[in-house]
Amino acid sequence: MDDKTQKRVRQLQKELNEHNYYYHVLDDPKISDAEFDRLLQELKGLEEKYPALATPDSPTRRIGAPPLSAFEQAEHTIPMLSLDNAFSDQDILDFDARIRKNTDRDVIWYTAEPKLDGVAVELRYENGVLVRATTRGDGFVGEVVTRNVRTIRSVPLHVRDDALSVPQVLEVRGEVFISQKAFMELNRRRLAENTAMFANPRNAAAGSLRQLDSSVTASRPLDMFIYGRGQVDGMGFDTQSGFLDALAAWGFRVNPLVKKQISITDALAFYRHLGELRPDLPYEIDGMVIKVDQVALQQSLGEKIKSPRWAIAYKFAAIQEVTRINKILVQVGRTGTLTPVAVLEPVQVGGVTVSRATLHNMDEIQRKDIRIGDRALITRAGDVIPKVIKVMVSERTGQEQIFEMPAHCPVCGSQVQRLEDEAAVKCINAACQAQRKERIRHFVSKKGFDIDGLGKKLVDQLVDEGLLTSYADLFFLKKEQLTPLDRMAEKSAQNLVTAIDKARQIPLHRFIFALGIDHTGENAARLLAKAFDTLDDLMAAKESEIEQIHGMGTITAKAIAAFFASPENQALIKKIRDSGVVITNTMAGTPKEKNHVFSGKTLVLTGTLTAMTRSEAKKNLLAAGAKVTGSVSARTDYLVAGKEAGSKLAKARTLNVPVLDEDRFMEMLGS
Ligand code: IVH
């Protein structure tokens, strides 16, 4: 081997490690995946030819090493403790009081971190190079999983030393996890291959980490956040927050949500904030960990046998419970879709009583083999409708019944239809009471006519009493018709009539949304209002014209054209207009740019912008021909992250969605 080869190998190793860091720790790739692969293949070829050049921190180690027959065990230099649990604010206040008393201080500063629900692992670096990774095991002895941990792209094989010197021995601890998305993909693959599925992301992470063949681990997208330390020689830390900063400087991935040096009150607020973020985070957390920030205080407080006195975990209430499916009901939606809903034996899930869970459609019921009488694992994420994760097949008694979708609409009795290629079964009788109610509800909702005080119950009542047969009837309601109704006082009747009156002026895009055309949500409605100056122009448009609108889908265009072609719908619209409703187009004349950088792109806005409000930003984007959606997915082209961006930013990073800060965004918007 010549000098040149050796130099090239070292250069490739260094470069690839850098690119790994940019990509997986900073979420800011500098080269394309293809370019990365090309360099990696070159290095692999050279190292195979000259094995002496393959150092333990070479990026080729991330691909996996020959299988082991068993894991070695290793003792932790410093035991890996666990944490005491708190379940209420009072537990946390007691913890704080205890600490203040034992340290004789009036105020204690804490660092609060999300409690990651993964597998605790310790990494040992000697002279900056990763030499050993061990699982927590029983806290004293763990399994050596170095080869597997090397495949985790966000784990540095070599600690960065450009900003901060590196201790000769550095043991750091953290949580290995798998993202929700990767977990679901993994299970989908396992289902297709007929292998047992993982019950949750933590099991998937643990299972992936404990593979004797590290190339299997390499195929599982594991990730790792670092939050703690073991033995560190030759460097001290005054605070936990300072240690977290050092970790970031060394190139470790530190959870971005961490709150440094906060009061106990702020920690409690942070717990609630985390609870809100939780459903949207790309990874699982099961609570918050509060740590006394000052290391000197930590030392004076000391440890119990299993847990430190200076830290505590505040766990979230369980958000999964098992209960019985007593019945399966069928609900009819605005567009006639029949949705099966499980009626449950009421159960507490995350502090809320749950008695129903949507089962979506027949395909879902068959896929999960859900039967009436089954015991089922229920989850409730945030304010989302509870759903069934799976049924406990092993607990079946044989009494369970298979559910079948009714052939007739449970509300109006007309025959239902299942359209080809669609999971949904539909009642196609437009006069169906259930659809009527839902259509009216949609019509008066926030993004439609936004009529205050007209909630679900009242809509049901008005339809049941025969006062409303369509949303057009709303504008003819008289106070005298309302007052005789149950639970309707003179004043509320007057308020409702006033609210309806106030709604008679409406921008075209909101009017279109309110109509409740199939597939036509807020965005499509805006596109239409931008493309057509008046409602009459839109109503006269051909399907092909609608389809040509940038960002409009074929199915949507078809539904829109069909809606306006229907004489019944035309009559409804005429009735609404005759009642004195005035439709103005606030979006007409907005320049329809085709060449803008954001034209045809899908963006998500999050955080606080300083130069304009979020709705102004949205308006500008729509004018530039972009689509603005509410949640980040793999299809998002850009996330615009203002100040204090939270879970959406985290999600974008995990999905490698390009993130624009406000400056960059304004620059691109203006260009
Ligand atoms: S600190 C002595 N910080 O929770 C301090 N642990 O119940 C011990 N965990 O075994 C750990 N996120 O697996 C700490 N930000 C965090 C954590 C965290 C998750 C896990 C860890 C530990 C378990 C204790």
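Residues numbered from 1 in each chain as written. Predicted model: local features only at pLDDT ≥ 70, side-chain atom pairs only at ≥ 80, totals over all residues. Heavy atoms only, no water.

> Sorry if this is basic, but what is going on with the overall build of the protein here?
Along its length, the protein carries 24 helices and 26 strands. C-alpha atoms of the protein, sized along the principal axes, occupy 85 × 55 × 55 Å. Split into buried and exposed, the 671 residues of the protein put 48% on the buried side. For the protein, long-range pairs separated by at least 24 residues make up 68% of all intrachain contacts whose partners lie at least 6 apart in sequence. Counting only carbon and sulfur atoms, one obtains 49% of the accessible surface of the protein, whose full area is about 33,000 Å². Each charge class in the protein was averaged separately, 91 positive and 88 negative side chains, and the resulting centres sit 2 Å apart. (Helix = DSSP H or I, 4+ residues; strand = E, 2+ residues; numbered from the N terminus. Buried < 20%, exposed > 50% of the residue type's maximum accessible area, 1.4 Å probe, protein only. Contact = heavy atoms within 4.5 Å. Areas by Shrake-Rupley, 256 points an atom, 1.4 Å probe, with all protein chains shown as cover. Lys, Arg positive; Asp, Glu negative; His and termini not counted. Charge placed at Lys NZ, Arg CZ, Asp CG, Glu CD.)

> What am I meant to see in the site of the ligand here?
Among the 13 residues in the neighbourhood of the ligand, the closest are listed as Glu113, Leu116, Glu175, Tyr227 and Lys291. In the environment of the ligand, an oxygen atom lies 2.8 Å from a nitrogen or oxygen atom belonging to the side chain of Glu175. One of the side-chain nitrogen or oxygen atoms of Lys291 is found 2.9 Å away from a nitrogen atom of the ligand. Contact with the protein chains removes 85% of the 520 Å² of surface that the ligand exposes when unbound. At the level of elements, strand 3 (110–116) and strand 10 (285–292) are the ones that each hand at least two residues to the shell around the ligand. The element that contributes the greatest number of residues to the shell around the ligand is strand 3, accounting for 4 residues. Looking at the shell around the ligand residue by residue, the class counts come to 8 nonpolar, no polar and 5 charged. (Near = heavy atom within 4 Å. Polar contact = N/O pair within 3.5 Å; in protein donor to acceptor, adjacent residues only side chain to side chain. Nonpolar A, V, L, I, M, F, W, Y, C, P; charged D, E, K, R; others polar.)

> How do you make sense of the packing of aromatic side chains when you look at a structure like this?
The relation between two aromatic rings is expressed through the spacing of the ring centres and the mutual angle of the planes. Applying the stated criterion across every chain yields a total of 18 aromatic pairs. Relative to Phe316, the ring of Tyr271 has its centre 5.2 Å away and its plane inclined at 35°; by these criteria the two rings are tilted. Of the two residues, Tyr271 is situated in helix 9 (residues 264–277) and Phe316 in the loop between strand 11 (311–315) and strand 12 (320–332); the sequence distance between them amounts to 45 residues. Residue Tyr271 shares its accessibility class with Phe316, and that shared class is buried. One aromatic cluster is present, built from ring pairs that chain together Phe443, Phe449, Tyr471, Phe475 and Phe511. (Phe/Tyr/Trp six-rings, centres within 6.5 Å; stacked < 30°, edge-to-face > 60°.)

> In this structure, what is going on with the sheet that holds strand 26 (residues 659–660)? I would like to understand it.
Whether parallel or antiparallel, the strands of a sheet pair through hydrogen bonds between backbone atoms. The sheet built from 4 strands is open, its strands ordered 24-23-25-26 with parallel pairing. The two strands at the open ends of the sheet, each matched to only one other strand, are strand 24 (627–629) and strand 26. Pairing analysis gives 2 bridges linking strand 25 (residues 638–641) to strand 26, with the strands arranged parallel. What sits directly across from Val640, in strand 26, is Leu660. Seen against the sheet, helix 23 (residues 647–654) touches strand 23 (602–606), strand 25 and strand 26 and runs at an angle of roughly 145° to strand 25. (Pairing = 2+ DSSP bridges. Axes fitted to C-alpha atoms, helices over the stretch in contact; angles between N-to-C directions.)

> Is there a simple way to think about the state of the cysteines in this case?
Any covalent bond linking the sulfur atoms of two cysteines counts as a disulfide. Summed over the entire model, instances satisfying the criterion amount to 0 disulfides. The thiol sulfur of Cys409 is not disulfide-bonded, and the nearest other cysteine sulfur, from Cys432, lies at 3.7 Å. Here Cys412 stays free of any disulfide, with the sulfur of Cys427 as its closest cysteine sulfur at 3.6 Å. We classify Cys412 as partly exposed; its relative accessible area is 30%. (Disulfide = S-S within 2.5 Å.)

> What am I meant to see in the sheet that holds strand 8 (residues 222–232) here?
Strands sit in the order 5-4-7-8 across an open sheet of 4 strands; the sheet is antiparallel. Each edge of the open sheet is held by one strand with a lone partner, namely strand 5 (129–135) and strand 8. On average, each strand axis in the sheet is inclined to that of its neighbour by 30°, with strand direction left out of account. Here strand 7 (residues 169–178) runs beside strand 8; their pairing, made up of 8 bridges, is antiparallel. The residue bridging Val176 from the neighbouring strand is Met224, located in strand 8.

> Help me understand the pattern of salt bridges in this model?
A pair can form between side chains of opposite charge whenever their charged atoms are brought close. With the rule as written, the count across this model stands at 40 salt bridges. Where Glu490 meets Lys479, a salt bridge forms, and the shortest distance between an N and an O atom there is 2.9 Å. Of this pair, Glu490 sits in helix 15 (residues 490–502) while Lys479 sits in helix 14 (residues 479–482), placing them 11 residues apart in sequence. A relative accessible area of 23% means that Lys479 is categorised as partly exposed. What emerges from the salt-bridge pattern is a single network uniting Asp27, Asp223, Arg253 and Arg653. (Salt bridge = Lys/Arg side-chain N within 4 Å of Asp/Glu carboxyl O.)

> Would you mind going over the packing of helix 12 (residues 433–443) against helix 13 (residues 456–464) with me for this structure?
Geometry of a packed helix pair, given as the angle between the helix axes and the separation of the axes. With their axes 10 Å apart at the nearest point, helix 12 and helix 13 run at an angle of 135° to one another. By the angle between their directions, the pair helix 12 and helix 13 is classed as oblique. Crossing hand, helix 12 versus helix 13: right-handed. Taken together, the residues of helix 13 that come into contact with helix 12 (itself represented by Gln433, Lys437, Ile440 and Arg441) are Lys456, Val459, Asp460, Val463 and Asp464. (Parallel < 35°, antiparallel > 145°, perpendicular 65-115°, else oblique. Left-handed = near helix turned anticlockwise from the far one by under 90°.)

> What am I meant to see in the side chain of Thr135 here?
Structurally, the position occupied by Thr135 is in strand 5. Look at Thr135 and you get buried, because its relative accessible area is 8%. If near-sequence neighbours (up to four positions away) are discounted, Thr135 is found in contact with His76, Met80, Ala120, Val121, Gly142, Glu143, Val145 and Leu209.

> Before we go on, may I ask you to explain helix 12 in this structure?
Residues three or four positions apart in an α-helix share a direction because the helix packs 3.6 residues into each turn. The element helix 12 is largely enclosed, with a buried count of 9 among its 11 residues. Restricting attention to buried positions, one finds in helix 12 the residues Ala434, Gln435, Arg436, Lys437, Arg439, Ile440, Arg441, His442 and Phe443. On its buried face, helix 12 sits against strand 12, strand 20 (425–427), helix 13, helix 16 (508–515) and helix 21 (567–578).

> Sorry, what's going on with helix 23 here?
Those residues of helix 23 that sit buried are Ser647, Leu649, Ala650 and Ala652. Residues of helix 23 that are buried sit in contact with helix 9, strand 25 and strand 26. Asn656 sits one or two residues past helix 23 and shows a positive phi near 55°.

> Can you walk me through the side chain of Arg526 in this structure?
With respect to the element layout, Arg526 can be found in helix 17 (residues 522–531). At 4.1 Å, Glu522 is the nearest oppositely charged side chain to Arg526, a buried residue that forms no salt bridge. Not counting the four nearest positions on each side in its chain, Arg526 is found in contact with His509, Met587, Lys618 and Leu622.

> Is there a simple way to think about the environment of Gly137 in this case?
Assignment of secondary structure puts Gly137 in the loop between strand 5 and strand 6 (141–143). Sequence separation between Gly137 and His76 is 61 residues; the distance between their C-alpha atoms is 9.5 Å.

> Help me out: how do you make sense of the environment of Gly230 in this one?
Turning to its location among the elements, Gly230 is positioned in strand 8. The contacts of Gly230, once residues within four sequence positions are left out, are Ile78, Glu122, Glu171 and Arg173.

> What should I look at first to understand the environment of Arg220 in this one?
Relative to the assigned elements, Arg220 resides in the loop between helix 7 (214–218) and strand 8. On a C-alpha basis, the gap between Arg220 and Asp363 in space is 28 Å, while along the polypeptide they are 143 residues apart. Other than its neighbours up to four places away in sequence, Arg220 contacts Leu186, Arg190, Phe198, Gly207, Ser208 and Gln211.

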